[in-house]
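# Structural characterization, general
Given next are the chains, with one letter for each unit.
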Amino acid sequence: MSPETTAPRSLAEALRARDDASLSALLRSRPDLITPVPTDLTQLATRAGTRASVVRALERLDRFTLQTAEALAVAREPATYDELLGLLAGDDGDPAVTAAFPHALGTLREQALVWGADDRVRLVRTARELLAPSPQHPSPTGLGPTVGEATAGMSPGRIQEIVAAAGLASTHDSVSAVASLSALFSDRGRMSALLDEAPAEAVEVLSRLVWGPPYGQVTAEPAAHLRWLIARGLLLPTAPGTVVLPREVALHLRAGRAHRVTEPVAPAVEAAANHRPQVVDAAAAGQAYTTLATVEELLKDWHEGGPAVLRAGGLSVRDLKRTAVALDVPEPVAAFWVEIAYAAGLVASDGEADERYAATPAYDAWLELPAAERWARLASAWLAATRTAGLVGGRDAKDRTLSALGPGLDRSPAPEVRHRVLALLAGLPEGASPDTDSLLARLFWERPSRGARPSPDDLRARLARWTLAEAELLGVTGRGALSAQGRALLGLPATADAQAAQPSGPGDKLPAHKRRPPLAAPVTAAAQPSPAEQAAAAARAVALLAPLLPEPLDHVLLQADLTAVAPGPLERPLADTLGVLADVESKGGATVYRFTPASVRRALDAGRSASDLHAFLAAHSRTPVPQPLAYLIDDMARRHGHLRIGAASAYVRCDDEAVLNEILADKRSQEFGLRRIAPTVLVAHTDPTTLLAGLRTMGFAPAAESAEGDVLISRAHAHRTPPRTAPEPVPDGPPVPDATLLGAAIRAIRAGDLASTAPRKDDPAAGRPGDGALPRTSSAETLATMQAAVMTGEAVWIGYVNAEGAASQRVIAPIRVEGGFVTAYDHTADEVRTYPLHRVTGVAELADDQP
């Protein structure tokens, strides 16, 4: 233990005594402190004590570390190591608390929330203000004010009456009287003797207040047992009709514990079911294939231009319902697929006047990738996305509906929660799916809300539930357990057994599944993997998934009932052509296509001839082409184009007058305003497109023709947006600095601290050491001092104002003075620099013992 003469007197002094590794740990755990880089350690300490920074740091503490900070907030200041441990472990000394306490206190010290040696432990003032009990903000401990705080406004006479009633000797002043009363309440033996004299009803009152809230109401004429408590100061008045249980009394009744339940060990994530790893990987691979098929089907549905963009952005409720029907999934799942495609950069708005959603050029490049790589792109985009599809359909702060692809869906904690949930799954035995309640309990322990208990409506709880469901949809998990490809995508070792090594600490004596896992660090900020690391992880996932995906087939099985069965995924050209020639009737392990007159006509409209269709089916069917299907194709080809429709407004021509007579006789044709102008020609009041669709609904097979009389081939025209980038995730605070930035920042802070704290010679113009004032000297004095320093080789302290007007103080060793410039080794920047003399505000010599 350091002697008191060398003990730090402030947080800045405590930081000054740290080595570079300790400062790096601080800046890594609290990255907001490095944005921008502080000029010196005093500024770093000031920034570490600001309310916003302290709140952020407290929110990232695990449950037991936060309880340690809460206990320190109700301890006397400064507290000793043993006093703080007693508040957590109680009088009987909980061994689990005793084992975990050094790690928790070390975390608080590392994050500069606590400073001082073990005999003088202090909580940062802002943290104490946030965590200490007050009537407006009760402490999570349930403790009330101390005797000194509760009697602050009490008259000296009343204090002496309480002291006398408690059996203590009267004093000459209130301060000593309050100290005497506090000593009594803190003495276990004397306090037990005093309570042995209390009426049973009084003890019952104390038991109701002991765990909080500590405030109670009394009438103007309280009962005898209440008067007994009030007279002895066991209950102290705080306002008319209100009394409070002093902190010292509550701690005695609690056997010294600050919390009713202390949680030194993270709750274990329990397994709900166990499966063979091979089954998990196969199930996940099957779902990964479904993911690709669903996204392709979504983009195929939006091939010629998707739904319109709402004025406020996003999909309308009607368009989301239509998309859900097209994909044959519930609306929340449809919203998830739409958001995944958007996060991966495959879908965006086209930016036209009549703005619509459409596939991006990146979608065409994505289609050319192997299946496993396409899946890795989608899964990686999901892991990093802050957009949260689970919010679709909910309400924002202004009570507006949140729509898919619309604004307001970003939640910054989403990526961190996804990674943490999957990491906890990785900590289970291979093939084990988690018990959801135990998983949520673990997440709440790692990142609790101050003073709150886990709630189903808590954002992190909802994000965790959505993560489990979405990971299953994507094929990151299979049957609820993390798959091998999912583990690889996270950059984790290939097997859960590789996670068995645990960090040394108090948890080493616990069973392996109950220890604090090596991935428990997410309770603080975690460094994001580099692009190279992400690419390597994705490549590993692709290599594991590729052998599990089915190989595309080049054939189908034609059946006599006008259907074709694809026993697996089809090669892309085959699937595209078959998708035009037939309609998908059912999906699953095998896809069933049905041939209908409308689907065959669609193929003919796309420019295929009957012979082309016969040849296509014969080449790609493992079974003979059924006669009914051949008849259907021939019949539709014979009728296709028999009627010709062009622009008059519109006309119908046909070499067969009987067909035109049939059309005119049909009552359904009256809406088109048809009339005969020649034996083989009818004209209409409607446009050709409407007439074409109307006659098709009447059972005819007309074909559109151009002004020259040629048949118009109707192919689907792909609509693409201009090049678009995927949406950027909304960061959850400043990014964690890498090693290079940390090293440069620490060097700059150290150098700035040297400049601000280096002792100066006793010169009134130089200011006082560390007061932040720049030295002020005349130009002649500045030049003379610089020239003298060049000759002697000594370092000097200067004030400098740069071109932007920012003032700073530096320690330099002048090398050369000429032409109005001084060239010197700058200790602050750790390099040789040249400064214009007219920007130097002044110069002062350092004390003799400085470099």
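Above this note sits the structure.
## A closer look at the overall build of the protein chain
Secondary structure summary: the protein chain contains 33 helices and 25 strands in total. Counting contacts in the protein chain only where the partners sit at least 6 residues apart, residues at least 24 apart contribute 66% of the total.

## Brief notes about unusual backbone geometry
The linkage connecting threonine 35 with the following residue, proline 36, adopts the cis geometry, with an omega of -5 degrees. Its location among the elements puts proline 36 in the loop between helix H2 (20–29) and helix H3 (41–48). The residue after glycine 212, namely proline 213, is reached through a cis peptide bond having omega -5 degrees. Looking at the element boundaries, proline 213 is found in the loop between helix H13 (200–209) and strand E3 (215–217).

## Overview of the packing of helix H20 (residues 371–384) against helix H23 (residues 459–474)
The packing of two helices is summarised by the inter-axis angle and the distance between the axes. In the contact formed by H20 and H23, the axes pass within 11 Å of each other and the chain directions differ by 170 degrees. With respect to H23, the element H20 is oriented roughly antiparallel. Of H23, the residues touching H20 (which contributes Trp375, Ala379 and Trp382) are Thr467, Glu470, Ala471 and Leu474. Grouping the constituent residues of the contact of H20 with H23 by class yields 5 nonpolar, 1 polar and 1 charged.

## Focus on the sheet that holds E3
Strand pairing in a sheet relies on backbone hydrogen bonds. The paired strands run either parallel or antiparallel. Spatial ordering of the open sheet is given by E3-E5-E4, a layout of 3 strands whose pairing is antiparallel. Each edge of the sheet is formed by a strand with only one pairing partner; in this case those strands are E3 and strand E4 (236–239). Strand-to-strand, the axes of this sheet are offset by a mean angle of 40 degrees, without reference to chain direction. The pairing of E4 with strand E5 (residues 242–244) spans 3 bridges and is antiparallel.

## Focus: the pattern of salt bridges
Considering all chains together, one arrives at 30 salt bridges under this definition. A salt bridge links aspartate 20 to arginine 750, with the shortest nitrogen-to-oxygen separation between them at 3.0 Å. Residue aspartate 20 is found in helix H2, and its partner arginine 750 is found in helix H32 (residues 739–757); the two are separated by 730 residues along the sequence. Residue class for arginine 750 comes out partly exposed when judged on its relative accessible area of 24%. Where salt bridges share partners, they join Asp92, Asp94 and Arg257 into one cluster.

## Concerning the nonpolar core
Formed by 91 residues in total, the largest nonpolar core has its most connected members in Phe185, Leu234 and Leu235. If one sorts the elements of this core by residue count, helix H5 (residues 63–74) sits on top with 7 residues. Once you skip the residues sitting within four places of it in the chain, leucine 235 turns out to touch Val205, Leu206, Leu209, Leu226, Leu229, Ile230, Val243, Val244, Leu245 and Pro246.

## Side note on the packing of aromatic side chains
Applying the stated rule across the entire model yields 5 aromatic pairs. The ring centre of tryptophan 366 lies 5.5 Å from the NZ or CZ of arginine 374, which sits over that ring.

## Re helix H26 (residues 572–581)
Structural remark: α-helix, 3.6 residues per turn; residues separated by three or four positions point the same way. Every buried residue of H26 is listed here: Leu574, Ala575, Thr577, Leu578 and Leu581. Check the buried side of H26 and you find it contacts strand E15 (591–594), helix H27 (597–605) and helix H28 (610–620).

## Considerations on the side chain of threonine 294
For threonine 294, the position within the fold is in helix H16 (residues 277–301). Residue classification places threonine 294 among the buried positions, given a relative accessible area of 10%.

## Comments concerning the side chain of arginine 387
Note that arginine 387 resides in the loop between H20 and helix H21 (414–426). Among the residues examined, arginine 387 registers a relative accessible area of 12% and is labelled buried. A distance of 2.8 Å separates a polar atom in the side chain of arginine 387 from the backbone oxygen of glycine 406. Those residues in contact with arginine 387 that lie beyond four places of it in its chain are Glu339, Tyr342, Leu405, Gly406, Leu409, Asp410, Arg418 and Pro727.

## Re the pairing of strand E22 (residues 807–818)
Of the pairings in the sheet, the one linking strand E21 (residues 796–801) to E22 comprises 6 bridges and is antiparallel in character. Among the inter-strand pairings, valine 796 is bridged to a residue of E22, identified as isoleucine 812. In this structure, E22 lies alongside strand E23 (residues 821–826), joined through 6 bridges in antiparallel fashion. Considered in E23, the bridge of arginine 816 is made with threonine 823.

## Some words on the packing of H5 against helix H6 (residues 81–89)
Orientation of H5 relative to H6, taken along the N-to-C sense of each, is 120 degrees, at an axis distance of 9 Å. Classified by chirality, the crossing of H6 by H5 is right-handed. Packed against H5, whose contacting residues are Phe64, Gln67, Thr68, Ala71, Leu72 and Val74, the element H6 presents Leu84, Leu87 and Leu88 at the interface.

## Topic: the sheet that holds E21
One open sheet accounts for 5 strands, arranged E24-E23-E22-E21-E25; its pairing is antiparallel. The sheet is open, and its two borders are formed by strand E24 (831–836) and strand E25 (840–845), each paired with just one other strand. When strand polarity is set aside, the average angle formed by the axes of neighbouring strands in this sheet is 45 degrees. Of the strands in this sheet, E21, E22, E23 and E25 are in contact with helix H33 (residues 779–792), which crosses E22 at around 65 degrees.

## A closer look at helix H17 (residues 317–327)
Three or more residues of H17 are buried, namely Asp319, Leu320, Thr323, Ala324 and Leu327. Each buried residue of H17 lies within a common arc of 140 degrees when the element is viewed along its axis, so the set occupies one face. In H17, the exposed positions that point more than 90 degrees away from the buried face belong to Val317, Arg318 and Val325. Looking at the buried residues of H17, the elements they touch are H16 and helix H18 (331–343).

## Details of the environment of alanine 464
Examined against the element boundaries, alanine 464 turns out to sit in helix H23. Through-space distance from the C-alpha of alanine 464 to that of leucine 443 is 8.5 Å; in sequence the pair is 21 residues apart. With residues near it in sequence (within four places) discarded, alanine 464 still touches Val417, Val421, Leu440 and Leu443.

Rules of the game
- Residues numbered from 1 in each chain as written.
- Predicted model: local features only at pLDDT ≥ 70, side-chain atom pairs only at ≥ 80, totals over all residues.
- Heavy atoms only, no water.
- Helix = DSSP H or I, 4+ residues; strand = E, 2+ residues; numbered from the N terminus.
- Contact = heavy atoms within 4.5 Å.
- Axes fitted to C-alpha atoms, helices over the stretch in contact; angles between N-to-C directions.
- Parallel < 35°, antiparallel > 145°, perpendicular 65-115°, else oblique.
- Nonpolar A, V, L, I, M, F, W, Y, C, P; charged D, E, K, R; others polar.
- Pairing = 2+ DSSP bridges.
- Salt bridge = Lys/Arg side-chain N within 4 Å of Asp/Glu carboxyl O.
- Buried < 20%, exposed > 50% of the residue type's maximum accessible area, 1.4 Å probe, protein only.
- Core = buried A, V, L, I, M, F, W, Y, C linked by side-chain atoms within 4.5 Å.
- Phe/Tyr/Trp six-rings, centres within 6.5 Å; stacked < 30°, edge-to-face > 60°.
- Lys NZ or Arg CZ within 6 Å of the ring centre and 35° of its normal.
- Polar contact = N/O pair within 3.5 Å; in protein donor to acceptor, adjacent residues only side chain to side chain.
- Left-handed = near helix turned anticlockwise from the far one by under 90°.
- Arc of directions from axis to C-beta.

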